[in-house]
Amino acid sequence: MIVSAVLGFVLLGLVLLLALVLPSVTSNTIPFGVRIPSRYAADPVITGQAHLYRRRVLICGGIIAAAGVISVAVTGQPLLLPLSVLVLVATWYGCFFLAHQEIRSAKLAGGWFEGLHQGIAVDTELRTNPPRFPWLWLAPAAVITASTAVIGILMYPSMPQTLAVHFGANGVPNRMEAKSVGAAFSLVFLQLGLTAFLAGIAAAIVRSRPDLDPARPMGSSRWARHYMTLGAKALLGLVAMIDLGLLGSSLLMWTGTVTRWAPLVIVIPVLASVAATVAVLARNNRDRSENGEDTGLTHRDDDRYWRGGLIYVNREDPALLVPRRFGIGWTLNFGNPRASMLLAGVVALIGLVLALRFGG
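What counts, and at which threshold
Residues numbered from 1 in each chain as written. Predicted model: local features only at pLDDT ≥ 70, side-chain atom pairs only at ≥ 80, totals over all residues. Heavy atoms only, no water. Disulfide = S-S within 2.5 Å. Buried < 20%, exposed > 50% of the residue type's maximum accessible area, 1.4 Å probe, protein only. Core = buried A, V, L, I, M, F, W, Y, C linked by side-chain atoms within 4.5 Å. Helix = DSSP H or I, 4+ residues; strand = E, 2+ residues; numbered from the N terminus. Expected span 1.5 Å × (residues − 1). Phe/Tyr/Trp six-rings, centres within 6.5 Å; stacked < 30°, edge-to-face > 60°. Lys NZ or Arg CZ within 6 Å of the ring centre and 35° of its normal. Contact = heavy atoms within 4.5 Å. Polar contact = N/O pair within 3.5 Å; in protein donor to acceptor, adjacent residues only side chain to side chain. Axes fitted to C-alpha atoms, helices over the stretch in contact; angles between N-to-C directions. Parallel < 35°, antiparallel > 145°, perpendicular 65-115°, else oblique. Left-handed = near helix turned anticlockwise from the far one by under 90°. Nonpolar A, V, L, I, M, F, W, Y, C, P; charged D, E, K, R; others polar.

**Focus on the state of the cysteines**
- Under the counting rule described, the total for this entry stands at zero disulfides.
- Left without a disulfide partner, Cys60 is nearest to the cysteine sulfur of Cys95, which lies 4.6 Å away.
- Exposure remark for Cys60: the relative accessible area of 25% places this residue in the partly exposed category.
- Under the relative-accessibility criterion, Cys95 is labelled buried at 5%.

Structure representation (structure tokens):
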């Protein structure tokens, strides 16, 4: 219970920290998902909403954390803390949406785009000379997955006849199955699926459409290429750490080891890699370079394609992935038919995880 409670509080802290720092790492031309001209980046409405947003998130985060402590103390169920994380994420979006609406209303009322020359910038070399897929960064995940399979094959004859295929929050097995290839190698299959899926996402990232600044097309293009490559590397590093956690979990299952520290075997590598990935992407999420380039153009006002500042729907845009308006990384173009196929893959992967790890 203590281990699960500590992990729950760590996750709450990471989510709260991310919510607080995101306004600082998001481009100053899309505060809270609203497209604005760069000359309004320091407008009092925007700075005021940023302060108010952080205050709301901090207060709500404190209340939710306190409620989580009380719920665990009263019920003795540490799994209520992950539920508190979901509540915090929902509250986070509520605070974001309030700021989004205020800034958008101020932009429309003030006519911020009136009289400006709007434009778009396109890097045509992204088709003929896209960023290279970082194959070397895929090697760790492939090696860990292959090693897990080889170790499992060598250990299979000596494995217990009954395998602990799932551990509870206290580290005690709560689901047992008779030894079989399917049960013993369930996590290896999961490794294969996760590695292939996230490698596909990484490949899509390096071929995604960047949001180039028409005022600085050359400089923003160089930065976008760097950021896409960095994002793909971070994702492949993340899947390697997930595979490492699954290797540790497989060893517990194959040796019949029972310990209250079992949840840490998979959670620590995943949490550490998620924190590192977020830190690296957040640090590089904004193009802060200045090279004197200025075409006199400004971004076009494209808010109509963004639902609530977060969900992108544009049937005329062939891109599958586009940079997020608020936050780090990329999001799907839900106007692209391929997005539904990708979502189906996500649902299938989640279903596989539930079937393998939480099924009855």
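**Description of the nonpolar core**
- Core analysis: the biggest nonpolar cluster contains 60 residues, and Phe32, Tyr53, Trp92, Ile205, Leu235, Phe326 and Ile328 have the highest contact counts within it.
- Considering each element in turn, this core owes the most residues, 13 residues, to helix α8 (residues 217–255).
- Within the second largest apolar cluster, 10 residues are counted, among which are Met159, Leu163, Val188 and Met253.

**Points about α8**
- The terminal C-alpha atoms of α8, which comprises 39 residues, lie 57 Å apart, in line with the 57 Å expected from a rise of 1.5 Å per residue.
- Counting buried positions over the 39 residues of α8 gives 28, a clear majority of the element.
- Gly256, located one to two residues past α8, shows a positive phi value of around 70 degrees.

**Thoughts on the packing of aromatic side chains**
- Inspection of every chain in the model, using the stated rule, returns 15 aromatic pairs.
- Measuring from ring centre to ring centre gives 5.0 Å for Phe32 and Tyr53, while their planes differ by 65 degrees; the resulting arrangement is edge-to-face. In this pair, Phe32 is assigned in the loop between α1 (2–25) and α2 (44–75) and Tyr53 in helix α2, connecting sequence segments 21 residues apart.
- When the ring of Tyr156 is compared with that of Phe185, the centres are 6.1 Å apart and the planes differ by 25 degrees; the resulting orientation is stacked. Taken as a pair, Tyr156 in the loop between α5 (135–155) and β2 (162–167) and Phe185 in the loop between α6 (181–184) and α7 (186–205) lie far apart in primary sequence, 29 residues in all.
- Judged by its relative accessible area of 23%, Tyr156 is partly exposed.
- When its relative accessible area of 10% is taken as the criterion, Phe185 is described as buried.
- Among the aromatic residues, those joined into a ring-pair cluster are Phe32, Tyr53, Tyr93, Phe96, Phe97 and Phe326.
- A cation over an aromatic ring shows up here: Lys179 above the ring of Tyr156, its NZ or CZ 4.7 Å from the ring centre.

**Looking at the environment of Thr148**
- Positionally, Thr148 belongs in helix α5.
- On the basis of relative accessible area, Thr148 is assigned to the buried category, the value being 0%.
- The spatial distance from the C-alpha of Thr148 to the C-alpha of Asp243 is 8.8 Å, given a sequence separation of 95 residues.
- In contact with Thr148, other than residues within four places in its own chain, are Val188, Gln191, Leu247, Ser250 and Trp254.
- Reaching out from Thr148, the side chain makes a polar contact with the backbone oxygen of Ile144 at a distance of 2.7 Å.

**Section: the packing of α5 against α8**
- With their axes 7 Å apart at the nearest point, α5 and α8 run at an angle of 10 degrees to one another. The orientation of α5 relative to α8 falls into the category roughly parallel. When you trace α5 past α8, the crossing you get is left-handed. Across the interface between the two elements, Trp137, Leu138, Pro140, Ala141, Ile144, Thr145, Thr148, Ile151, Gly152 and Met155 from α5 touch Lys233, Leu236, Val239, Ala240, Asp243, Leu244, Leu247, Ser250, Leu251, Trp254 and Thr255 from α8.
- Classifying every residue of the contact of α5 with α8 gives 14 nonpolar, five polar and two charged.

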